[in-house]
Amino acid sequence: MSVDSTHNIPNESTRSLDRYFQITERGSSVKQEIIAGLTTFLAMVYSVIVVPSMLGAAGFNQSAVFIATCLVAAFGSLLMGLWARLPMAIGCAISLTAFTAFSLVLGQGVSIPVALGAVFLMGVVFTFITVTGIRGWIMRNMPTGIAHGTGIGIGLFLLLIAANGVGLVIKNPQAGLPVAFGDFMSLPVIMSLVGLAAIIGLEKRRVPGGILLVIIAISVFGLIFDPNVKYHGLFALPTFGGDGSLLGSLDIMGALNPVILPTVLALVMTAIFDATGTIRAVAGQANLLTERGNIISGGKALTADSVSSIFAGFVGGSPAAVYIESAAGTAAGGKTGLTATTVGLLFVIMLFLAPLSSLVPSYATAPALMYVGLLMLSNVSKLDMDDSVDALSGLLCAVFIVLTGNIVTGIMLGFVSLVIGRVVSGDFKQLNIGTVIIAIALVVFYAGGWAI
């Protein structure tokens, strides 16, 4: 082989990547795409710590969930990158993880295998709804205020979960409101608040991986000063079997129980209202919208995240969705599927770093969870207060998501208040039949006792 032909190998590889991902056509470069992928990975890698921590609180084996979280992120991101060819990373959704852990397993007492079966069925139904266009129809008939209100409510819900997990907010032992302020001088509370402030500052300065840096810094602090935090190693080969393994442990027949099916529907509805807006927001930032405002390869993008939930149920993870942190990668210049492919490959590497998950205390992950919740509260600025019925229905939705600890309950109350409010205010002409149908379906869902 000649020297010249040897030098042509990387050039030809680069050209092949360029052609497949349309890198030059979208105004990017291979280097820019890889940097964008690394940026997205650093922004969302906290999920491999947060998700096992949340599901661990519900009795899941944390080591097994760590492996499942890495597998879901790798599979989903590679599917999005190689098939849809879009710069969006997929992982176990924090909001749907909270739903699975705190509403489904802890709240309703559903066993872990049945819960995973519900996640699997949710993915199947979600995929069916996506490929048949029903998902698009629902989103077109979702009022703007309720769409934004759902994001606000999920943000508040995550804030409450994180704050309660470190003792910042506790169950009120006295008569009065159900919650009270915790021990301000405790180590978990102090480190959580300091960590949150640090994340806010780092993200303001656009430091890549700022969330991860704070998690690492607090974990090192805990390792030095907290006797409860112990080092168990760095590298380990992932184990896909044995005690505690979640791979293939799902109980689909148990999830088909009429008592559990409403949970599947609730997961589907939650995913519909939570995931689609994220995909469009990231696509908009990357200028990947058509002249009509549709997402380039939007059908594949929507299908990729729903299929990833099927995979999640099989490997033992929570429902999957596109991460809003993908916006960090698009802000760094990511415009093609090579960005998401890079993320997927990096999560494969993370499979061999499982011992790190036991090194991180809850007060190291709580700031990340609270920061994501605060980001979601920014939807308040998108409410149109000139249309008070729409805006206030959205806020009603948000408030009752956190007060009831249930996302779909808030959505139901938002839809009902919107429809009745439109009729009473004389603005019934602003209602469309789709919105009314969804509102009626939600009321029947709750009145029939099928809701979680």
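If you're wondering where the values come from, they're calculated on a predicted model, not measured in any experiment. (Residues numbered from 1 in each chain as written. Predicted model: local features only at pLDDT ≥ 70, side-chain atom pairs only at ≥ 80, totals over all residues. Heavy atoms only, no water.)

Student: Just to check I follow, could you spell out the confidence of the model for the chain for this structure?
Tutor: The predicted coordinates of low-pLDDT regions are not to be read in fine detail. Residues with a pLDDT of 70 or more make up 94% of the chain, whose mean pLDDT is 85. Across the chain, strand β1 (residues 90-92) holds the top mean pLDDT of 95, while helix α1 (residues 3-21) sits lowest at 66. Taken together, the stretch residues 1-9 has pLDDT below 50 and engages in 2 contacts with residues farther than four places along the chain or on a different chain. (pLDDT = per-residue confidence, 0-100. Helix = DSSP H or I, 4+ residues; strand = E, 2+ residues; numbered from the N terminus. Contact = heavy atoms within 4.5 Å.)

Student: Would you take a moment to explain the side chain of Thr-39 for this structure?
Tutor: Relative to the helices and strands, Thr-39 is located in helix α2 (residues 30-44). Assessed through its relative accessible area of 12%, Thr-39 is described here as buried. Not counting chain neighbours up to four residues away, the residues in contact with Thr-39 comprise Ala-328, Gly-329 and Ala-332. (Buried < 20%, exposed > 50% of the residue type's maximum accessible area, 1.4 Å probe, protein only.)

Student: When you look at helix α4 (residues 62-84) in this model, what are you seeing that I'm missing?
Tutor: The α-helix winds at 3.6 residues per turn, so residues separated by three or four positions along the chain end up facing the same way. If you check α4, its first and last C-alpha atoms are 31 Å apart, about what 23 residues at 1.5 Å a residue would give, namely 33 Å. Taking the backbone nitrogen of Ser-63 as reference, a side-chain oxygen 3.0 Å away marks Asn-61 as the first, capping residue of α4. Backbone geometry just downstream of α4 places Arg-85 in the positive-phi region, at approximately 60 degrees. (Expected span 1.5 Å × (residues − 1). Polar contact = N/O pair within 3.5 Å; in protein donor to acceptor, adjacent residues only side chain to side chain.)

Student: In this structure, what is going on with the nonpolar core? I would like to understand it.
Tutor: As a rule of thumb, soluble globular proteins bury nonpolar side chains together. Grouped together as the largest cluster of nonpolar side chains are 130 residues, with contacts concentrated most on Tyr-46, Phe-60, Met-80, Ile-94 and Phe-347. In terms of residue count, α4 provides more of this core than any other element does, 12 residues in total. When neighbours within four sequence positions are excluded, Met-80 is seen to be in contact with Arg-85, Leu-86, Met-88, Ile-90, Ala-301, Ala-304 and Val-322. (Core = buried A, V, L, I, M, F, W, Y, C linked by side-chain atoms within 4.5 Å.)

Student: Hey, could you run me through the packing of helix α10 (residues 210-225) against helix α16 (residues 362-376) in this one?
Tutor: The description of two packed helices rests on the angle between their axes and on the distance between the axes. In the contact formed by α10 and α16, the axes pass within 8 Å of each other and the chain directions differ by 155 degrees. As judged from the angle between their axes, α10 and α16 are roughly antiparallel. Once α10 is placed against α16, the crossing between them reads as right-handed. Seen from α10, the contacting residues are Ile-211, Ile-215, Ile-218, Ser-219 and Gly-222; seen from α16, they are Tyr-363, Ala-364, Pro-367, Ala-368 and Tyr-371. (Axes fitted to C-alpha atoms, helices over the stretch in contact; angles between N-to-C directions. Parallel < 35°, antiparallel > 145°, perpendicular 65-115°, else oblique. Left-handed = near helix turned anticlockwise from the far one by under 90°.)

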